[in-house]
Amino acid sequence: MPDPQLEAAARAVLLANDAGTWTVPSRVQYPHQWNWDSAFISLGIATYDWDRAVIEIESMLAARWREGMVPHVRYDPEPLADYFPGPDRWPRAQGHVEDPAARTSGITNPPVLVTAALLVGRRQPDREGRLAFWRRTFPELRAFIEYLAHDRRLPGAPLVAMVHPWESGWDNSPRWDHLRAAGLRPRQRPSRLDTHHVIAADRPTDADYDGYLALIELLEAADYNLTEFLASSPFCVYDVLMDALWYRAASDLNEIACELGEPEPVPQGRLSEFRAAFEEYHWDPDLGQYVDWDCVIQRRISRPTAAGLCALAGGCASPDRGRVAWNRYRELQTGALPVCTVPPGDPAFDARRYWRGPVWVHVNWLVAGGLERCGMPDEAARLRRQTLDTVQRSGFAEYFDSITGAACGVDGFSWTAALTLDLLSHEP
Ligand code: 2M8
């Protein structure tokens, strides 16, 4: 398919998934609004309909909590029966939502939405229109960044404590296998809906879902208070990607403030303190990779995955270490397509099973941005082209088999289509 046809097909996917003021990731599998999905989706929509891209971001912000958190899911009241878990699993969460009419989950996602607001804004050539959008959204974008910095801060480090694998968006990554090993059981175990449209062998296991649901119960019991949650939870991590994307979002928020003539909301001193902690907690000198940190047992989760490479997009990692990490990972992923989320030599590797090895377009988009920041523009350009080739061959799938390149998960997936548009728009 030549690029103009690919572009038209990508737009058609986004139009088909348009729910009015937001875009669902997939009509069949995820019929609500997802936080970081909408951020990536807005980047694609902005290539052809700026006003609609802005609405995508603002409708997500409209589901915010009084504390400033922007939840990971905003539920559409219509298709509630088509997705599990629904808002009934998060009853106390509803008491935190600012808009009494909105229904949300009780956890968040990496704050890509702030970065999307900067990038989408920049696509508006009319200065007044661009500034008006930033002025409207600035207070909520800022509150989201501050929520993560304060309400998710543990004593000792200025990093972001993450309380549920769904917050990372890498649900069943081997990075979170210690949750499965903890053997938590939820009080109730209703039947899952996610295996109706995708084969069970490609999705997280029932044991993973037990952990996800049990953590929701612990969060509910603590009424979303971090200290209370920690008293009983075996899961709390510094996710390398959450931290990196917080840093990126904080820097991008400063840039928006500068455009608006406002003082920097996140002072440089705070950013450099964050950078130092990022290196201390996340760099694994033996692996030569950025990895995650388990806040419960106070140790690194020493497992190389593509999350550490995505983190290079945050701009807080050392470019020298970034180059080491990329070169090591390239050796590890021999035999698989770039960038497989888990390298083939890892005992948990599965080329098709969700976050345990496949290739995802938004992962490659982040890694390519990180390679550029670390001074590897040619590698970045090659990866972007390889990513477009995969989509050309296999379509706008949710994700791709990292050995064969075959489409996996559900088809007609929004962020795959949106980032295809963004990648095409930057092609030389
Ligand atoms: C997946 O996560 C949801 C739970 O939030 C699920 O499996 O039901 C992940 O791939 C996540 O990263 C993504 O944001 C979401 C919607 O595309 O689906």
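The structure we're discussing is the one just above.
Residues numbered from 1 in each chain as written. Predicted model: local features only at pLDDT ≥ 70, side-chain atom pairs only at ≥ 80, totals over all residues. Heavy atoms only, no water.

A. Looking closely at the packing of aromatic side chains. Enumeration over the complete set of coordinates arrives at 28 aromatic pairs. Each ring, one from Y281 and one from W293, has its centre 4.8 Å from the other, and the planes form 80°; the classification is edge-to-face. With Y281 in helix α11 (residues 268-282) and W293 in strand β7 (residues 292-294), this residue pair connects regions lying 12 residues apart in the sequence. We classify Y281 as buried; its relative accessible area is 14%. Judged by centre distance (6.0 Å) and plane angle (65°), the rings of Y354 and Y399 are edge-to-face. Highlighted residues: Y354 in the loop between α13 (319-332) and α14 (361-373) and Y399 in strand β9 (residues 399-400), separated in sequence by 45 residues. There is no split in this pair, since Y354 and Y399 are both buried. Lying across the ring of W170, R175 places its NZ or CZ 4.6 Å from the centre. (Phe/Tyr/Trp six-rings, centres within 6.5 Å; stacked < 30°, edge-to-face > 60°. Helix = DSSP H or I, 4+ residues; strand = E, 2+ residues; numbered from the N terminus. Buried < 20%, exposed > 50% of the residue type's maximum accessible area, 1.4 Å probe, protein only. Lys NZ or Arg CZ within 6 Å of the ring centre and 35° of its normal.)

B. Highlighting the side chain of D76. Relative to the helices and strands, D76 is located in the loop between β2 (73-75) and β3 (103-104). R27 provides the closest opposite charge to the buried, unpaired D76, separated from it by 6.7 Å. A polar contact of 3.0 Å, which involves the side chain of D76, links it to the backbone nitrogen of E78. Apart from the residues lying within four places of it in its own chain, the contact partners of D76 are W22, P31 and H32. (Lys, Arg positive; Asp, Glu negative; His and termini not counted. Salt bridge = Lys/Arg side-chain N within 4 Å of Asp/Glu carboxyl O. Polar contact = N/O pair within 3.5 Å; in protein donor to acceptor, adjacent residues only side chain to side chain. Contact = heavy atoms within 4.5 Å.)

C. How the structure looks around the site of the ligand. Taken together, 16 residues lie around the ligand, and D37, Y83, G169, D171 and Y354 are the ones closest in. Take Y83: an N or O atom from its side chain is 2.6 Å from an oxygen atom of the ligand. For the ligand, an oxygen atom lies 2.8 Å from a polar atom in the side chain of Y354. When isolated, the ligand has an accessible area of 420 Å², and the protein chains bury 99% of it. Residue classes in the shell around the ligand are distributed as 11 nonpolar, two polar and three charged. (Near = heavy atom within 4 Å. Areas by Shrake-Rupley, 256 points an atom, 1.4 Å probe, with all protein chains shown as cover. Nonpolar A, V, L, I, M, F, W, Y, C, P; charged D, E, K, R; others polar.)

D. Layout of the environment of R142. You can see R142 is positioned in helix α5 (residues 127-150). On a C-alpha basis, the gap between R142 and P91 in space is 26 Å, while along the polypeptide they are 51 residues apart. Setting aside residues up to four positions removed in sequence, R142 forms contacts with L253 and P265.

E. Structural context of the environment of P110. The topology assignment puts P110 in the loop between β3 and α4 (112-122). Look at P110 and you get buried, because its relative accessible area is 0%. The spacing of P110 and R123 is 13 residues in sequence and 22 Å in space, taken between C-alpha atoms. Not counting residues within four places of it along the chain, the set of residues in contact with P110 comprises W36, E167, S168, M242 and L245.

F. The arrangement of the sheet that holds strand β4 (residues 237-238) in detail. The antiparallel open sheet is built from three strands, whose spatial order is β4-β7-β8. With one partner strand each, in any of the chains shown, β4 and β8 (299-301) form the two edges of the open sheet. When β4 meets β7, the two strands line up antiparallel, connected through two bridges. Note that in β7 the partner of Y238 across the bridge is W293. (Pairing = 2+ DSSP bridges.)

G. Structural detail: the pattern of salt bridges. Counted by the stated rule, this structure contains 36 salt bridges. Salt-bridge contacts for R123 lead to D422; the nearest nitrogen and oxygen are separated by 3.5 Å. Here D422 lies in helix α16 (residues 414-425) and R123 lies in the loop between α4 and α5, a separation of 299 residues in the sequence. For R123, a relative accessible area of 32% puts it in the partly exposed group. For R187, the salt bridge goes to E217, with nearest N and O atoms at 3.9 Å. Residue R187 is found in the loop between α7 (177-182) and α8 (206-221), and its partner E217 is found in helix α8; the two are separated by 30 residues along the sequence. R187 sits in the exposed class, given a relative accessible area of 74%. Taken together, the shared-partner salt bridges in this structure form one network comprising D3, R385, D389 and E427.

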